Amino acid sequence: MPLTQDDLLRMYRMMLLIRRFEERATQFFMNGQIRGSFHPCIGQEATAVGGCFALRTDDYMTCTYRGHGQSLAKGLDAKEAMAELLGRRTGCSKGKGGSMHFTDPRVGLLGENAIVGAGAAIINGAALTAQLDGTDQVGLTFFGDGATNQGVFFEALNLAAIWKLPVVFFCENNLYSEMTPIRDTVAADSLASRAGAFGMATAVVDGYDPLAVYDTTLAAVERARAGGGPTFIEAMTYRLVGHMVGDSEPYRTKEEVAEWRARDPITVFPRRLVEEFGISEEQIKTIDAQVAAEVLEIARYAE
């Protein structure tokens, strides 16, 4: 079913909410109100929203410590998310999980995970549950390019393929494993080609285009729901900030970051909505104002 104007506006609103949420959370971190480390997903909103919009509420999802945006897009309450960052008992994990452990089974969010690649094994377990119970639920796991060199990742791919589990493996290839370029640790030109060797469907998509991400993910979800087994999606994306707050980014050039910033989905997508889909600039401005007010309320609640 094609997306309606309301759907497109909801996509933009969620992308913008994620961006403003991460910016406000960064301020909290800089003020010393968030303990530990903090890994913003600024720049990667299109993969979170495009991927999660293809899922139902009862579908399962796991993600990484950079999974704030994906958690919100899956349905996690933004107030509970920010409260969790600040260690409040009103947080989604009662203030005990923090930035890297958002969890809410009510919306199928089985958790962020600070262990690289761990979510791939967890989502297999959830998908196996759905398969054995005879439901048509699907599991989707988000992970970065660095996770594709973990042993558990390859074990998860193999198991999902031979059992035809209803799983979508969603790789956000932002070109860097922490501070190391992925080209320095993987000889293959495409990460998707590695997954294809296990006998599953694969796809490569522009991770800065939320509509392309949605279409690609929806096809994978529908295949899994129909019993067609797993799919590996490689979404080419980029984080516009450091690996974590405080990263001085000596491993990449300012020119490279500027090239990607020129394609920032938070600015490009609303222009596209106006130019291609008949949405008015006034509708965009209304959403901008609504999100600004919502983030203020989210921050007040968390404090």
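So, here's what we can say about the structure. (Residues numbered from 1 in each chain as written. Predicted model: local features only at pLDDT ≥ 70, side-chain atom pairs only at ≥ 80, totals over all residues. Heavy atoms only, no water.)

**Some details on the pairing of strand β1 (residues 60-64)**
No. 1: Most of β1 is tucked away, with 5 of its 5 residues classed as buried.
No. 2: Burial along β1 is two-sided: Y60, T62 and T64 facing one way and M61 and C63 facing the other are all buried.
No. 3: In the sheet, β1 pairs with strand β3 (residues 139-144) via 3 bridges, with the strands oriented parallel. Bridging across to β3, M61 finds its partner in L140. (Buried < 20%, exposed > 50% of the residue type's maximum accessible area, 1.4 Å probe, protein only. Helix = DSSP H or I, 4+ residues; strand = E, 2+ residues; numbered from the N terminus. Pairing = 2+ DSSP bridges.)

**Here we look at the layout of surface pockets**
No. 1: If you add up the space inside the largest pocket, you get close to 300 Å³.
No. 2: Taken together, 19 residues form the lining of the largest pocket, with Y65, G144, D145, G146 and A147 sitting closest to its centre.
No. 3: For the lining of the largest pocket, a count of residues per class yields 6 nonpolar, 9 polar and 4 charged.
No. 4: What lines the second largest pocket is a set of 14 residues, and nearest its centre among them are R10, M14, C52, F53 and A73.
No. 5: The biggest single contributor to the lining of the second largest pocket is helix α1 (residues 5-30), with 5 residues.
No. 6: Residue composition of the lining of the second largest pocket, grouped by class: 8 nonpolar, 1 polar and 5 charged. (1 Å grid on protein atoms, 1.4 Å probe; cavity = no way out; pocket = protein on both sides within 12 Å on 5 of 7 lines; lining within 4 Å. Points joined across faces, edges and corners; volume = space filled by probe spheres on them. Nonpolar A, V, L, I, M, F, W, Y, C, P; charged D, E, K, R; others polar.)

**Considering the packing of helix α2 (residues 45-52) against helix α8 (residues 210-225)**
No. 1: It is at 7 Å that the axes of α2 and α8 come closest, and there the two elements cross at 35°. Crossing of α2 against α8: the hand is right-handed. Contacts from A46, T47, G50 and G51 in α2 reach P210, V213, Y214 and T217 in α8.
No. 2: Among the residues making up the contact of α2 with α8, the classes are represented as 4 nonpolar, 4 polar and no charged. (Axes fitted to C-alpha atoms, helices over the stretch in contact; angles between N-to-C directions. Left-handed = near helix turned anticlockwise from the far one by under 90°. Contact = heavy atoms within 4.5 Å.)

**Digging into the side chain of D247**
No. 1: As for its position among the elements, D247 is in the loop between β8 (231-236) and α9 (254-261).
No. 2: Although D247 lies buried, it forms no salt bridge, and the closest oppositely charged side chain, R239, sits 4.3 Å away as judged by the N-O distance.
No. 3: A distance of 2.8 Å separates the side chain of D247 from the backbone nitrogen of H243, its partner in a polar contact.
No. 4: Look past the residues within four positions of D247 in its chain and what remains in contact with it is M179, R239 and G242. (Lys, Arg positive; Asp, Glu negative; His and termini not counted. Salt bridge = Lys/Arg side-chain N within 4 Å of Asp/Glu carboxyl O. Polar contact = N/O pair within 3.5 Å; in protein donor to acceptor, adjacent residues only side chain to side chain.)

**Considering the nonpolar core**
No. 1: Ranked by size, the top nonpolar core spans 63 residues in total, and within it M11, M14, I18, V49, M82, L85 and F269 carry the most contacts.
No. 2: Top contributing element to this core by residue count: α1, with 13 residues.
No. 3: Apart from residues no more than four positions distant in its own chain, M11 is found in contact with L3, V49, G50, F53, P210, L211, Y214 and F269.
No. 4: By size, the runner-up hydrophobic cluster in this structure holds 24 residues, among which are Y60, F153, A160 and A192. (Core = buried A, V, L, I, M, F, W, Y, C linked by side-chain atoms within 4.5 Å.)

Take it as geometry only, folks, not as evidence of what the structure does.
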